Amino acid sequence: MPRFVRSGPIVPDELVQSLEDDRVVIFCGAGISMGAGLPSYVGLVKHCYDELGELQPKKNSSEWLWPDRMLGGLEGKFGPAQVRKAVYERLTAAPTTLDMHRAILRLARLRGQTGIRLVTTNFDTLFEQAQKKWQFGKDLHSGPVLPIPRNDKAVSWRSVVYLHGRLDEANGNDHLVLTSADFGRSYLTDAWAARFVARLFSDFTVLFIGYSLNDPVLRYMTDAFAAENTSSRLTAKRAPAYIFVPHKGKAPPDPTPYKHRNLRPIFYTETKDHRHLRNTVVEWADAREDYLKSTSRLIARIAPKKPAAITPSDVASLVWAVCGRPADAGRGARTFAELAKRPPIEWLDEFERRETNLLDEHAATTEVAQANGDELPLPPTLIVGQLFPLVRDASQSDLSPQSAQIAIWLAKHIGEYGFASRVIQKLASRRALHPFLLSQIRRALKDTHPIKPGLAKLWGLIASTASDTLAWGRSFPFGLKIPTTLDAGNGSLAFKVDLLAALTPSITLAQPYQASRLGLAATEEGEEDKARGLRLSEVADAKVVIPGADQVSLLVQRLIATGGSSEFLASLLPELTNLLRRSTDLFALTEHLSEAFDLSVIHRPSIVPHDQNRGYEEWTQLITLAWHGWLHLDGSAPEQSRRAIGDWLMSDAPIVRRLGIAALTEAQSFTAREKMEHLLNA
């Protein structure tokens, strides 16, 4: 949500966007004219009492709660002409300033078409003085002769509407909605104002400026809308109207009284001249007229700082400028991504926090809509969420302009542990990286120098073009069924293909032990974190696994117990050997294999089945299957067994060589001398 000026009110994102889409109608009350030197409604009543020489009620009198009735009483005593003459004289005084009126006119200007949409319950002509050369009947309308407030593609209504009439000395101002009797006719008996307001509220988002909750004018309008809404055949609840509300003290007041009238208050700190509201409206109008320039200035000022180091209002403004304007073609996000001083990675957390709030609000609104039988709201547009889809949605290709720019910005952080840590968290939550983000990371790996070896290796794994390098894109095939009888022929071919796919090793990534133990993941980088990255183990806990955990060992146990499995596994020996070689390559990528260290010795101490083999690591089931297949081969086809052992002993993969040495010691087709020669040459 943007805060256009410091200490000013925070304007909701949806209101700003609705204004951009020409779906907002600004309602202006007496408070606007007060800023130009004219009185409030109550002040106008006091003026009439003084001009007519009538004694005012006491200050604490309940009569002041109904100033429209007080004016009606004056008209009954002195006649309408006298009262309205006093009103005319007071409201035609020269304004002290028209800055607020000009700013509101700029906000009310239609973006998609020429023209303006604005409603005022004031009688004065200050908007006309702020904007010359308007034509009555085209650019201006005055009650009771009003346009139809319809929000259509033709934009049939584009004018300033004086809902309660406009000062007109020639006609005696008898058409003004001034007294309780006038309000009764316009909202109850003739009801032309009520119909206009009801249609307006149903077709547009309304923003009230210059009203208070106890304002009689506001009371009549919201009552008319509520009455029409109650009697309407439409089942969908209409959106609330917004209202700027001043308050004293540090904390805003309770918004409940406003919500009861279907109003959403936008609070701001009250000052004598309401400068916070005035400055906000002016800056909002400036930002709307030159969005790119004003947004670029805001982003350049705030984005280089960490969110924790600035005020919450500045954080909200930056998030709005980057993510809160889906109709800006990604200009705010592009400015953010292209800053010379790269914005810190911590902004990603703020963008995601916004989306979490949007999803929570959508869930709550959906629940209410379902309970009331209303039309369900559309899901919110997520910017970061598009970059990290759930694994099942990873193939989606279209990105919003904002998401694409955020991806470009993220890729610039590949040299930082903070970004790596956040991505590892995403992978652990079964979220993928969008193909465009992966492409940006690959490009950054080529263009970014220097980058620490450990981080480079991590991003190489994450951005690998091989779809099965990381385990996040795979799951255990629970529907995989072992045939009743296994053989080496075509009858088990389909199972063979599925089995080998299920047993293909991959890599999982988790937070490094030290970071996860201390809860440091995805927090602000300290000096220790900045030093990370020389080794992969400093930035990630990488493991070689076969996705499926305990399901893998259960599958292997059932497979070995199935009739014909030994012959079947013997036929798979070349494929199983290749999977073991793949395991070796993955161990090398994860820094668990070197000339001085072979992790397979710890994971599988004995190649031959033995009690010391705990079977905690899924990939070791490949050794179990290969061993059972070789035993069958050694007993039924000695020459093939000899060739298999020879190939194993000549392999560059330590795991495969260990398998060859174990098989050599157990082989029946070798003499003792041959075994010794092979062992000496191994």
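Located above this text is the structure these notes cover.
We now turn to the structure provided with this report. (Residues numbered from 1 in each chain as written. Predicted model: local features only at pLDDT ≥ 70, side-chain atom pairs only at ≥ 80, totals over all residues. Heavy atoms only, no water.)

## Considerations on the overall build of the protein
Here comes step 1: Of the regular secondary structure elements, the protein holds 32 helices and nine strands.
Here comes step 2: The C-alpha atoms of the protein give 37 Å as radius of gyration, which overshoots the globular expectation for 682 residues (26 Å, by more than 25%).
Here comes step 3: For the protein, the C-alpha atoms occupy an extent of roughly 130 × 50 × 45 Å along the three principal directions.
Here comes step 4: Relative to its 682 residues, the protein shows a buried fraction of 50%.
Here comes step 5: Contacts in the protein between residues at least 24 apart in sequence constitute 72% of all its contacts with a sequence separation of at least 6.
Here comes step 6: Summed over its atoms, the accessible surface of the protein is roughly 32,500 Å², and 52% of this surface lies on carbon and sulfur atoms.
Here comes step 7: For the protein, the distance from the average site of its 81 positive side-chain charges to the average site of its 77 negative ones is 4 Å. (Helix = DSSP H or I, 4+ residues; strand = E, 2+ residues; numbered from the N terminus. Rg over C-alpha atoms; globule rule 2.2 N^0.38 Å. Buried < 20%, exposed > 50% of the residue type's maximum accessible area, 1.4 Å probe, protein only. Contact = heavy atoms within 4.5 Å. Areas by Shrake-Rupley, 256 points an atom, 1.4 Å probe, with all protein chains shown as cover. Lys, Arg positive; Asp, Glu negative; His and termini not counted. Charge placed at Lys NZ, Arg CZ, Asp CG, Glu CD.)

## Digging into the pattern of salt bridges
Here comes step 1: Inspection of the entire model under this criterion finds 20 salt bridges.
Here comes step 2: With its nearest N and O atoms 2.0 Å apart, the salt bridge here joins Lys 426 to Glu 352. With Lys 426 in helix α19 (residues 417-428) and Glu 352 in helix α16 (residues 347-372), the pair connects residues that are 74 residues apart, well separated along the chain.
Here comes step 3: Since its relative accessible area comes to 15%, Lys 426 is described here as buried.
Here comes step 4: Shared partners join several salt bridges into a network, and the residues in it are Glu 75, Arg 84, Asp 182 and Arg 185. (Salt bridge = Lys/Arg side-chain N within 4 Å of Asp/Glu carboxyl O.)

## A word on the side chain of Asp 68
Here comes step 1: Mapping Asp 68 onto the fold places it in helix α4 (residues 67-78).
Here comes step 2: Apart from the residues within four sequence positions on either side, Asp 68 is in contact with Tyr 41, Leu 178, Thr 179, Ser 180, Phe 183, Pro 216 and Tyr 220.

## What to know about the nonpolar core
Here comes step 1: Judged by nonpolar contacts, the single largest core of 191 residues is most densely connected at Phe 208 and Phe 351.
Here comes step 2: Those residues in contact with Phe 208, other than ones at most four positions away along the chain, are Phe 27, Phe 201, Leu 218, Met 221, Ala 241, Tyr 242, Ile 243, Phe 244 and Leu 263. (Core = buried A, V, L, I, M, F, W, Y, C linked by side-chain atoms within 4.5 Å.)

## Describing the pairing of strand β6 (residues 241-247)
Along any regular strand the residues' side chains alternate between the sheet's two faces.
Here comes step 1: Among the seven residues that make up β6, six are buried, leaving the element largely enclosed by the rest of the structure.
Here comes step 2: The pairing of strand β5 (residues 205-209) with β6 spans two bridges and is classified as parallel. The partner of Phe 208 across the bridge, within β6, is Ile 243.
Here comes step 3: Relative to strand β7 (residues 263-269), β6 is paired through seven bridges, and the arrangement is parallel. (Pairing = 2+ DSSP bridges.)

## Some points on the packing of aromatic side chains
Here comes step 1: For the coordinates displayed, the defined rule picks out 15 aromatic pairs.
Here comes step 2: Taking the centre distance of 5.8 Å and the plane angle of 85 degrees together, the rings of Trp 157 and Phe 204 count as edge-to-face. Linking Trp 157 in the loop between β3 (140-142) and β4 (160-162) with Phe 204 in the loop between α9 (192-203) and β5, this pair joins segments that are 47 residues apart in sequence.
Here comes step 3: Of the residues examined, Trp 157 reaches a relative accessible area of 1% and is grouped as buried.
Here comes step 4: With a relative accessible area of 6%, Phe 204 lands in the buried category.
Here comes step 5: Between the aromatic rings of Phe 183 and Tyr 187, the centroid separation amounts to 6.2 Å while the plane-to-plane angle is 25 degrees, which identifies the pairing as stacked. (Phe/Tyr/Trp six-rings, centres within 6.5 Å; stacked < 30°, edge-to-face > 60°.)

## Examining the environment of Ala 588
Here comes step 1: Along the chain, Ala 588 falls in helix α27 (residues 573-589).
Here comes step 2: Here Ala 588 is in contact with Lys 457 and Leu 593, once residues within four sequence places are set aside.

## What about helix α5 (residues 80-91)?
Because the α-helix completes a turn every 3.6 residues, residues three or four places apart line up on one side.
Here comes step 1: The terminal C-alpha atoms of α5 lie 16 Å apart, and with 12 residues this matches the ideal 16 Å at 1.5 Å per residue to within 8%.
Here comes step 2: Listed as buried for α5 are Val 83, Arg 84, Ala 86, Val 87 and Leu 91. On an axial view of α5, the arc spanned by its buried residues comes to 150 degrees, and they lie on one face. For α5, the exposed residues set more than 90 degrees away from the buried face come down to Ala 81 and Lys 85. (Expected span 1.5 Å × (residues − 1). Arc of directions from axis to C-beta.)

## Quick look at the sheet that holds β4
Here comes step 1: Pairing within the open sheet is parallel, and its seven strands lie in the order β3-β4-β2-β1-β5-β6-β7. Taken across any chain shown, the strands that pair with only one partner, and hence form the sheet edges, are β3 and β7. Within this sheet the neighbouring strands show an average axis-to-axis angle of 25 degrees, counted without direction.
Here comes step 2: Lying on the sheet, helix α12 (residues 275-289) is in contact with β5, β6 and β7; it crosses β7 at an angle near 110 degrees. (Axes fitted to C-alpha atoms, helices over the stretch in contact; angles between N-to-C directions.)

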